[in-house]
Amino acid sequence: MTRTLIIMGFFTAITNFFSCSGQTKQESDVMIVTVMEEKKIEPSKDKLLNRHLTEQIIDRTSDKYLLDEIFDHLYSQCSVENKREYDIVLSWNKSKQAVYKVCLLKGEVNNGGYNQFYNNSGVQYYKDLPDALKLIGAHKFADLTKRANDTFEKEYERVTKYQEKFLDDPLAGFDNQFFNLSKTKSLEKLLVNYIRKHKTEFID
């Protein structure tokens, strides 16, 4: 019985080998792509970062991964020389700038509130954020961030004391409003929709 199974396995392997060898490279590539599409496998970020963004890549990337891909691609362009980040970002078109700056704000506020945003490197863009948010259609977030900016400037000493000694945060109320807004209007969806509508502005 065992011997029979081994022989059958041997002939099956030979049959598969010859049937595959008849395929052209193009047919093989198409088959691989088809399998990836059927399984909805996303390409690794390492590969995405090492190639130019094209309209086709944006079209084929699902909404779930699109924002991460765009932000990572933009970040990779200025992360090598952090000292020149500001100049590099300002050399981009308005769409790239807006997505990059709003992603920084979104990440910082979600992680530690507006205070964390003003305490980290993203603070260099804080005056630009209201206009960037308006550009992607996030008008309520723009108004909220403008008011947070005004408080940051007026209450600068209290804000920095909170960062150092964990005193009452004058920006805490804005955090709560940000999270409440996020329940009804997703910044991520607004960003993805904006990228889809202006995809040519993100290609290399």
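Structure shown above.
Just so it is clear, the model here is predicted, and its values are computed rather than measured.

A.B. asks: Please set out the environment of Asp169 residue by residue, giving values where relevant.
C.D. replies: Along the polypeptide, Asp169 turns up in the loop between α10 (156–165) and α11 (172–184). Distance from Asp169 to Arg158, taken between C-alpha atoms, is 7.5 Å for residues eleven residues apart in sequence. Excluding residues within four positions of it along the chain, Asp169 makes contact with Asn115, Tyr162 and Asp175. Within the structure, Asp169 has its side chain in polar contact with the backbone nitrogen of Leu171 (distance 2.9 Å).

A.B. asks: Account for the packing of helix α7 (residues 94–119) against helix α9 (residues 139–154), with residues named and values stated.
C.D. replies: Between α7 and α9, whose axes approach to 11 Å, the crossing angle comes to 25°. Of the possible angle classes, the one that applies to α7 and α9 is roughly parallel. Along its contact with α7, which presents Leu105, Tyr114 and Tyr118, the element α9 presents Leu144, Thr145, Ala148, Asn149 and Phe152.

A.B. asks: For the packing of aromatic side chains, give the residues involved together with the corresponding values.
C.D. replies: According to the stated counting rule, one finds 15 aromatic pairs in the structure shown. With centroids separated by 5.2 Å and ring planes inclined at 80°, the aromatic side chains of Tyr126 and Phe152 adopt a geometry described as edge-to-face. With a gap of 26 residues between them, Tyr126 in the loop between α7 and α8 (129–135) and Phe152 in helix α9 connect regions that are remote in the sequence. Note on accessibility: Tyr126 and Phe152 belong to one class, buried. Taken together, a centroid distance of 5.2 Å and an interplanar angle of 70° make the contact between Phe141 and Phe178 edge-to-face. With Phe141 in helix α9 and Phe178 in helix α11, this pair connects stretches of sequence that are 37 residues apart. Phe178 carries the same exposure label as Phe141, and that label is buried. An aromatic cluster of three or more residues is present, and its members are Tyr114, Phe117, Tyr118, Tyr126, Phe141, Phe152, Tyr156, Phe174, Phe178 and Phe179.

Procedures and definitions
- Residues numbered from 1 in each chain as written.
- Predicted model: local features only at pLDDT ≥ 70, side-chain atom pairs only at ≥ 80, totals over all residues.
- Heavy atoms only, no water.
- Helix = DSSP H or I, 4+ residues; strand = E, 2+ residues; numbered from the N terminus.
- Contact = heavy atoms within 4.5 Å.
- Polar contact = N/O pair within 3.5 Å; in protein donor to acceptor, adjacent residues only side chain to side chain.
- Axes fitted to C-alpha atoms, helices over the stretch in contact; angles between N-to-C directions.
- Parallel < 35°, antiparallel > 145°, perpendicular 65-115°, else oblique.
- Phe/Tyr/Trp six-rings, centres within 6.5 Å; stacked < 30°, edge-to-face > 60°.
- Buried < 20%, exposed > 50% of the residue type's maximum accessible area, 1.4 Å probe, protein only.

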